[in-house]
Amino acid sequence: MEQTIEDRLKVVEEEKKKAIVFAGGGSKGAYQAGAWKALEELGETFDIAAGTSIGSINAALYVQGDCEAAYELWNSITVENIMANGMNFERTFGSFYAQRDLLVPFARSVASKNGVDVTPFHNMLRQHFSPEKFFGSPVDYVLVTVQHPSNKPVEVRKKDMERYGEDAWKWLAASAACYPVFPLMRIGDQDYKDGGYYDNIPVAPAFRIGATEAVVVDLEPEKNHEGYLHHPRIRYIKPSRDLGTFLNFGKDALSFSIRLGYNDTMKAYGRYYGRAYTFLPGPYAEAAADWLSDKFMDILTVAEANFDFSGSVRFQRVNKLEGCTTLLADALGVKRPTERELMFEALENLLRVCGYDEGKDYVLTDLLSSLKCEVDRLYPMLEYDTDTAFSAVCRFISDCGGKEPERKKAEDDRRLLIFTSLIRALQQMPMI
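Below: a short report on this structure.

Scoring rules and cut-offs
- Residues numbered from 1 in each chain as written.
- Predicted model: local features only at pLDDT ≥ 70, side-chain atom pairs only at ≥ 80, totals over all residues.
- Heavy atoms only, no water.
- Helix = DSSP H or I, 4+ residues; strand = E, 2+ residues; numbered from the N terminus.
- Buried < 20%, exposed > 50% of the residue type's maximum accessible area, 1.4 Å probe, protein only.
- Contact = heavy atoms within 4.5 Å.
- Axes fitted to C-alpha atoms, helices over the stretch in contact; angles between N-to-C directions.
- Parallel < 35°, antiparallel > 145°, perpendicular 65-115°, else oblique.
- Left-handed = near helix turned anticlockwise from the far one by under 90°.
- Core = buried A, V, L, I, M, F, W, Y, C linked by side-chain atoms within 4.5 Å.
- Phe/Tyr/Trp six-rings, centres within 6.5 Å; stacked < 30°, edge-to-face > 60°.
- Lys NZ or Arg CZ within 6 Å of the ring centre and 35° of its normal.
- Salt bridge = Lys/Arg side-chain N within 4 Å of Asp/Glu carboxyl O.
- Expected span 1.5 Å × (residues − 1).
- Polar contact = N/O pair within 3.5 Å; in protein donor to acceptor, adjacent residues only side chain to side chain.
- Pairing = 2+ DSSP bridges.
- Right-handed = clockwise from strand over helix to strand, strands pointing away.

**Let's talk about the overall build of the protein chain**
- A count of helices and strands for the protein chain gives 19 helices and 10 strands.
- Looking at the 432 residues of the protein chain, the share that counts as buried comes to 51%.
- Partitioning the intrachain contacts of the protein chain with sequence separation of at least 6 by distance along the chain shows that 70% fall at a separation of at least 24.

**Details of the packing of helix 14 (residues 285-306) against helix 17 (residues 364-375)**
- Where helix 14 contacts helix 17, the two axes come as close as 9 Å, and the packing angle between them is 45 degrees. Between helix 14 and helix 17, the angle falls in the class oblique. In this structure, the crossing between helix 14 and helix 17 has a hand that is left-handed. For the pair helix 14 and helix 17, contact is made by Ala285, Ala288, Ala289 and Leu292 and by Leu364, Thr365 and Leu368, respectively.

**Focus: the nonpolar core**
- If you look at the biggest cluster of nonpolar residues, it comprises 69 residues, and the most contacted ones within it are Ile20, Trp74, Phe121, Tyr141, Met161 and Leu172.
- In this structure, Trp74 is in contact with Gly26, Ser27, Gly29, Ala30, Ala33, Ile54, Asn58, Phe249, Leu254 and Ile258, ignoring residues within four places of it in sequence.
- Formed by 50 residues, the second largest nonpolar core is a distinct cluster that contains Ala289, Leu342, Ile397 and Ala425.

**Here's the deal with the packing of aromatic side chains**
- In the structure shown here, the tally under the stated rule is 16 aromatic pairs.
- Aromatic pair Phe129 and Phe135: ring centres 6.4 Å apart, planes at 85 degrees, arrangement edge-to-face.
- Residue class for Phe135 comes out buried when judged on its relative accessible area of 18%.
- Geometrically, the ring pair formed by Tyr164 and Trp171 is edge-to-face, given 5.6 Å between the ring centres and 85 degrees between the ring planes.
- Relative accessible area serves as the criterion here: at 26%, Tyr164 is assigned to the partly exposed category.
- The buried category is assigned to Trp171, whose relative accessible area is 6%.
- Taken together, the aromatic side chains of Tyr273, Tyr277, Phe279, Phe344, Tyr356 and Tyr362 make up a single cluster linked through ring pairs.
- The cationic tip of Lys37 hangs over the ring face of Tyr71; the distance from NZ or CZ to the ring centre is 4.6 Å.
- Its end group placed over the ring of Phe134, Lys158 keeps NZ or CZ at 5.7 Å from the ring centre.

**Describing the pattern of salt bridges**
- In total, this model carries 17 salt bridges according to the counting rule given.
- Note that Glu68 and Lys37 form a salt bridge whose closest N and O atoms lie 3.8 Å from each other. Taken together, the residues span a long stretch of sequence, with Glu68 in helix 4 (residues 67-76) and Lys37 in helix 2 (residues 30-41) at a distance of 31 residues.
- Taking relative accessible area as the criterion, Glu68 reaches 48% and is therefore assigned partly exposed.
- Across the pair Lys267 and Asp264 runs a salt bridge, and its minimum N-O distance is 3.9 Å. Here Lys267 pairs with Asp264, and both are found in helix 13 (residues 251-268), just 3 residues apart, close to one helical turn.

**Here we look at the environment of Asp294**
- With respect to the helices, strands and loops of the structure, Asp294 is situated in helix 14.
- On the accessibility criterion, Asp294 (41% relative accessible area) is partly exposed.
- With 45 residues separating them in the primary sequence, Asp294 and Glu339 have C-alpha atoms 6.9 Å apart.

**What about helix 17?**
- Its 12 residues place the ends of helix 17 16 Å apart at the C-alpha level, agreeing with the 16 Å of an ideal helix rising 1.5 Å per residue.
- When we look at burial in helix 17, the residues that qualify are Leu364, Thr365, Leu367, Leu368, Ser369, Leu371, Lys372 and Val375.
- Looking at the buried positions of helix 17, the neighbouring elements they touch are strand 9 (278-280), helix 14, helix 16 (339-353), strand 10 (361-363), helix 18 (386-399) and helix 19 (410-428).

**Digging into the side chain of Lys267**
- The class of Lys267 is buried, set by a relative accessible area of 14%.
- Polar contacts involving the side chain of Lys267 include one to the main-chain carbonyl oxygen of Tyr277, which spans 2.8 Å.
- Those residues within four positions of Lys267 in sequence are excluded, and the remaining contacts are Ser240, Tyr272, Tyr273, Gly274, Arg275, Ala276, Tyr277 and Thr278.

**Let's talk about helix 13**
- Its 18 residues give helix 13 an end-to-end C-alpha distance of 26 Å, which sits within 8% of 26 Å, the value for a rise of 1.5 Å per residue.
- Turning to helix 13, its buried residues are Leu254, Ser257, Ile258, Leu260, Gly261, Tyr262, Asn263, Asp264, Thr265, Met266 and Lys267.
- Check the buried side of helix 13 and you find it contacts helix 2, helix 4, strand 8 (234-237), strand 9 and strand 10.

**What about the pairing of strand 1 (residues 18-22)?**
- For strand 1, the tally of buried residues reaches 5 of 5 residues, placing the bulk of the element in the interior.
- Neither face of strand 1 is left uncovered, since the one carrying Lys18, Ile20 and Phe22 and the one carrying Ala19 and Val21 both have all their residues buried.
- One ladder, built from 5 bridges, connects strand 1 with strand 7 (residues 213-217); its direction is parallel. Within the sheet, the bridge partner assigned to Ala19 lies in strand 7 and is Ala214.
- Note: strand 1 against strand 2 (residues 48-52), 4 bridges, orientation parallel. In the strand pairing of strand 2, Val21 is matched with Ala50.
- With helix 2 bridging strand 1 and the parallel strand 2, this β-α-β connection has right-handed handedness.

Have a look at this one:
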C-alpha cells in the first residue's frame, strides 16, 4: 500500500534528532545549569549533546542524565575545586585587593606549571564522569578540542572516546584546557587545548553527527553567531546580562548565573516575559499584556505622527512614523518586532530609568497594578499637552529616584514620547 504524504511526514518527524549545544565560557557555565533545569521542567529532551570547553563537561553530564547532580555541582563548586593556589578573577580592584595574599602563590603556580595547577579540576572530572552512565546512554555526544601546536581542530564523538574507558574524561579536560591559563592536556603523544580556539559553539559538529534541529545555550550576551540567531532550526538562548569573567567561581556570581540561565530559558520558550527584566506570569497576565500592548501602540502611533521633531533635529528630515518604534526595535535587535515586544521594551526602559532592580523577579500583573497606582498620581495626564506631559514624566522619574531625562536631541524626545504614551496607556488600563 502506497504511503500518503501524511504518513511520510510522520516518518520524517519521528526520524528527527534534536541536539543541545553548550558553549564554552569557564565559570559562566553555571548559566547552563540553570538553563538545563528550565529545559527539564519544560519537558525538552535531546538525542545529541555537544559542547566546547566547560560546555563539553555540561554536555557529558547531560548524556549521563545527571541534571540534578549538575545543578548541585554548580551550586557548590569553588575555585579550590578548579585549581591549587587559585583565586577568583572579577572586574573590580576591590576583589583583587581582597585576594592580595593569593596573588604571589597564584603567579608562582602559573610559572612553575606552565599554567595553573588544575589537579583539583581533573580530580573533579574523574569523580563526576561515569563511563557506565555515559557510554550506556542512548544520547550521542560530540566535543571540540584543538591540537597544539598545530592548531588543528578535532571533533571527538562518544564512539571515539569509548576505547579510553576510565580515562575518557581526559577528552573533557582537553576541550576545557584554556591554555595558557590552564596547562595543555596530553592524551597519548599529543597535546590539546581549549576547543574555543576553533569553535566555541559546536552547532555544526552536532548537525554533522545527525542532528536536524538544535537548542543552543551561549554564555555571551553579545559575541554570538549571527547566523545561528536567525536559523529556523535553532533555538538560541543567550544571557540577557553580562556574566562577568570566565574565572570567577564566587558563590554570588555562580548563583546569579544559574538564576539568569533559568529565567532566560523560560523567556525563550515564552513562559516568562521580558528581556533584561524578568516578568513572571500571574492571573490574567496574557490578557493584561495584550491589552496594554494594543493601547500603548494606539497612543504611540498617534503621538509620534503628530509630534514636531523639528526643534530637536537640525538639518535632518524626520519620518514621523518611524522614530519611536525604530528606537525600540533597534534596542531589541529585531527587524519587525511585535506590538508586545515593543511594549515590553518600553516598559523595561521606564523601569530602568525609575531605578527598578533588574535582578528581581516581578509578577507581571502585580507590577502593572502597582505601576498604575504610581502613574495615576500624574492625573490629569491624558489632558496635558505634550510639553506639559513631558515635564510631568520627568518629575515622576525624578521622584522615583531616577535620573531626569534630558531634551537635547531627537532621541531624548522620542524616549519621552515613548514614556508618555506608556504612562497614558497604563492610566487607561482596567484594574486587574
